[in-house]
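# Reading the structure
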Amino acid sequence: MGELSSRPPRVVTFLQHHIASERWDRFSFYSKRIRHLEVTEQAPEIHQQTFATLSIARPFLHLLPNLTHLSWAKDPSRPAASLVLCLLFLTPTLESLSVETGQHGAEEGDLFAIDNFFKDVMHRSPRIEILEFRSQISFRNIGPSLSGLLAGLPNLRIVLLSDHLLTSDVITALAKCPHLKSIRTSKSEEETDDLQNFMPVMEPGSFPCLKEMNLKAHLWNVVSFLQSDFPAARLRRLVVHTVIIESHDNIASFFDLIAQECPEIEVLALSMPHDEVPETTLSLPFTHLEPLLGCTSITSFSLTTSTPLDMSNFDVTRIATAWPLLQELSLNSRPMRIQPEGDHITFAVLRTFAEHCPLLRVLELYIESYYIPPPEERKLLPKLEKLVLGLVGSSYVPEDLAALITDITPPKCEVGGMSYIFVEGQLYAQAHENIAQRKLDKAYTLIPTLRTIHAQYRDRLRVLETEVERLQALVVSAELS
């Protein structure tokens, strides 16, 4: 076997056809220690013939008999050639399987290979608890095989699929898994035609252990699904991606249902396509989100839509006080359009989060920039790791904004965002947007320097405090003597 290296000079691992029996004995000794195997396009770089040699020459069925975790993403554009090689490492002890395969325009041979692969997984690794399958092949080409695989793995606890594969048929198959706790998705570029009619068949007793779920569908389909025999009250995490920009009424119905059916929800996210909307589009009123204030266990909330939000400082204060366990909050920091009418949030709300949400790590929202709170009104968000601002207007001084962000964020907090303005006329607006963005970029470039100055100030302050304590101790000692 040749040398394996992932850095130049690169030597491709290659296995010759003749393998002496004593080498197999040595391989067998070490192979029993291997629990995790990851094969990708980058590492390890293994000659294709090596796998064929192993398949033909191996003196035992399971090359890695104690393997528990297998991740396979080698040559995903050629499932017919790649998945056959992956079968070499399937074992009865396998608990976690992650596979990435299949691109747009898959040929009939590729579909046949995927179908056979699913059947082999069912029979050779029936104890799998964690399954990840990412593919760009449409559901209509592999749907029945995928549903059969999921129904044939009774120990499944966690499933991750490309979002276009999580159709009604797949949900129906997963509903019968007695130990399933989490259904998640990864984003794919495949068309979502198979998700247009999302109507899984739910029976009493479906999903007896499910706590986490990702979905991609029309919002009215999601609402109908949650109102079926699905155990919505048990959900702790729900992430919904819609296939279109939903109406405000549909959004209101969804949030109202969540408040009623999922009172113990901890993570809730609603994301819609980030497409252009008409100028006449109204802002989403806070009253549509208001029912969620009763879900006091929320630790993460995210709302992403092209339409802006009609929210005031008082509304955001109600959110901060209602969700004391909040760790991540994303309130549509990048809408496609900002309306001058209605309420807008100001920097004053940041102090509210510091006072009521001590665990907050991620904060994303758009804010009116006309008012920068003075230093005495600022308060540090001690655990904040990421701050994303959609800054409305450009009337602020960049140095003042940089000083504000430096005062309220920890030294390692990531800061970003973009600017918005209200101006009539497209060309005039574009010129003003460029000016506003340059001002915002200038503020961001000043933050590292200010953080360095603050750190030096804190260090110097600690030294002075230590010296004062030493001198006070000397005074006390002198008075006693």
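Since we're looking at a predicted model, the values are computed, not measured. Residues take numbers from 1 onward in each chain, read along the sequence in its written order. Restriction of local features to residues with pLDDT of at least 70 applies here, the model being predicted, together with a cutoff of 80 or more for giving and counting side-chain atom pairs; totals for whole chains, interfaces and linings are based on all residues. The side-chain numbers reported here are obtained from all heavy atoms of the structure, hydrogens and water having been left aside.

### Digging into the packing of aromatic side chains
Note on ring pairs: Phe, Tyr and Trp rings are taken, using the six-membered ring of Trp, and paired if centres are within 6.5 Å. Classes follow the plane angle, with under 30 degrees stacked, over 60 edge-to-face and the rest tilted. What the rule picks out here adds up to 10 aromatic pairs. Arranged with centres 6.1 Å apart and planes meeting at 35°, the rings of Trp 72 and Phe 89 form a pair that is tilted. Remark: Phe 89 occurs in the loop between helix 3 (79-86) and strand 3 (96-100) and Trp 72 occurs in strand 2 (residues 69-73); sequence separation between them is 17 residues. The pair Trp 72 / Phe 89 is uniform in exposure class, with both members buried. Geometrically, the ring pair formed by Phe 254 and Phe 255 is tilted, given 5.5 Å between the ring centres and 50° between the ring planes. Labels follow the DSSP assignment, with helices taken as runs of H or I lasting at least four residues and strands as runs of E lasting at least two, numbered in each case from the N terminus. For the exposure calls, accessible area comes from a 1.4 Å probe over protein chains only, and a residue counts as buried if that area is under 20% of its type's maximum, exposed if over 50%, partly exposed in between.

### Brief notes about the nonpolar core
Throughout, nonpolar core names a set of buried Ala, Val, Leu, Ile, Met, Phe, Trp, Tyr and Cys residues whose side chains join them through atoms within 4.5 Å. Judged by nonpolar contacts, the single largest core of 121 residues is most densely connected at Phe 207, Met 213, Leu 226, Phe 254, Phe 301 and Phe 353. Contacts between residues were defined by any pair of non-hydrogen atoms, one from each residue, lying within 4.5 Å. Non-local contacts of Leu 226, meaning those with residues more than four positions away in its chain, are made with Ala 232, Leu 235, Leu 238, Phe 254, Leu 257 and Ile 258.

### As for the pattern of salt bridges
The term salt bridge refers to a pairing of a side-chain nitrogen on Lys or Arg with a carboxyl oxygen on Asp or Glu at a separation within 4 Å. Tallied over the full model, the rule gives 14 salt bridges. The residue Arg 361 makes a salt bridge to Glu 328 at a minimum N-O spacing of 2.9 Å. Remark: Glu 328 occurs in strand 13 (residues 328-331) and Arg 361 occurs in the loop between helix 10 (349-356) and strand 14 (362-368); sequence separation between them is 33 residues. Glu 328 sits in the partly exposed class, given a relative accessible area of 29%. Notably, a salt bridge pairs Arg 462 with Asp 459, separated by 2.2 Å at the nearest N-O pair. You can see Arg 462 and its partner Asp 459 sitting in helix 12 (residues 426-480), three residues apart, about one turn around the helix. Given the relative accessible area of 39%, Asp 459 is considered partly exposed.

### Notes on the side chain of Ser 125
By secondary structure assignment, the location of Ser 125 is in the loop between helix 4 (108-124) and strand 4 (130-134). Its relative accessible area of 0% is what places Ser 125 among the buried residues.

### Concerning helix 1 (residues 21-31)
By the burial criterion, the buried members of helix 1 are Trp 24, Ser 28 and Ser 31. Down the axis of helix 1, the buried set is contained in an arc of 70°. They therefore lie on one face. Exposed residues pointing more than 90 degrees away from the buried face of helix 1 are listed as Glu 22, Arg 23, Asp 25 and Arg 26. This arc is built from the directions going out from the helix axis to the C-beta atoms.

### Points about unusual backbone geometry
Positioned with a positive phi, Phe 207 is a non-glycine residue whose angle comes to about 50°. Note that Phe 207 resides in the loop between strand 6 (182-186) and strand 7 (212-216). Since its relative accessible area comes to 0%, Phe 207 is described here as buried. Although it is not a glycine, Asn 332 sits at a positive phi angle of roughly 55°. Using a relative accessible area of 2% as the deciding quantity, one classes Asn 332 as buried.

### Describing the side chain of Ser 206
Tracing the backbone shows Ser 206 in the loop between strand 6 and strand 7. At a separation of 2.6 Å, a polar atom in the side chain of Ser 206 contacts the main-chain carbonyl oxygen of Glu 203. Beyond its immediate sequence surroundings of up to four residues, Ser 206 is in contact with Ala 175 and Pro 231. Counted as a polar contact is a pair of N or O atoms within 3.5 Å, where, for protein atoms, one must be capable of donating a hydrogen and the other of accepting one, and residues adjacent in sequence contribute only when both atoms are in side chains.

### Here we look at the packing of helix 4 against helix 5 (residues 139-151)
Two elements in contact, helix 4 and helix 5, have axes whose closest approach is 9 Å; the angle formed by their N-to-C orientations is 5°. With respect to their mutual orientation, helix 4 and helix 5 come out roughly parallel. Along its contact with helix 4, which presents Leu 111, Ile 114, Asp 115, Phe 118, Val 121 and Met 122, the element helix 5 presents Asn 141, Ile 142, Ser 145, Leu 146, Gly 148 and Leu 149. Residues that form the contact of helix 4 with helix 5 fall into these classes: eight nonpolar, three polar and one charged. With axes taken as lines fitted to C-alpha atoms, and helix axes fitted only over the stretch in contact, angles between N-to-C directions fall between 0 and 180 degrees. When describing relative orientation, an angle under 35 degrees is termed roughly parallel and one over 145 degrees roughly antiparallel, while 65 to 115 degrees is termed roughly perpendicular and anything else oblique. When residues are sorted by character, Ala, Val, Leu, Ile, Met, Phe, Trp, Tyr, Cys and Pro go into the nonpolar class, Asp, Glu, Lys and Arg into the charged class, and all the rest, Gly among them, into the polar class.

### A few points about empty space enclosed by the protein
The way it works is a 1 Å grid over only the protein atoms, where trapped points that fit a 1.4 Å probe form a cavity and open points with protein on both sides within 12 Å along at least five of seven lines form a pocket, and then any residue with an atom within 4 Å of a point lines it. Grid points are joined across faces, edges and corners, and a volume is the space filled by probe spheres set on the points. The final tally for this structure, using the stated rule, is one cavity of 30 Å³ or more. The calculated volume of the largest cavity comes to roughly 40 Å³. Around the largest cavity, the lining residues are Leu 309, Met 311, Leu 331, His 344, Ile 345 and Tyr 366. Classifying every residue of the lining of the largest cavity gives five nonpolar, one polar and no charged.

### Looking at the confidence of the model for the protein chain
Looking at the protein chain, pLDDT values average 85 and 88% of them are 70 or higher. Segment residues 1-17: pLDDT under 50, and 33 contacts once partners within four positions in sequence are set aside and those in other chains are kept. The pLDDT value tells you how sure the predictor is about a given residue, anywhere from 0 up to 100. Counting contacts from residues 423-431, a segment whose pLDDT is below 50, to residues more than four positions away or on other chains yields four contacts.

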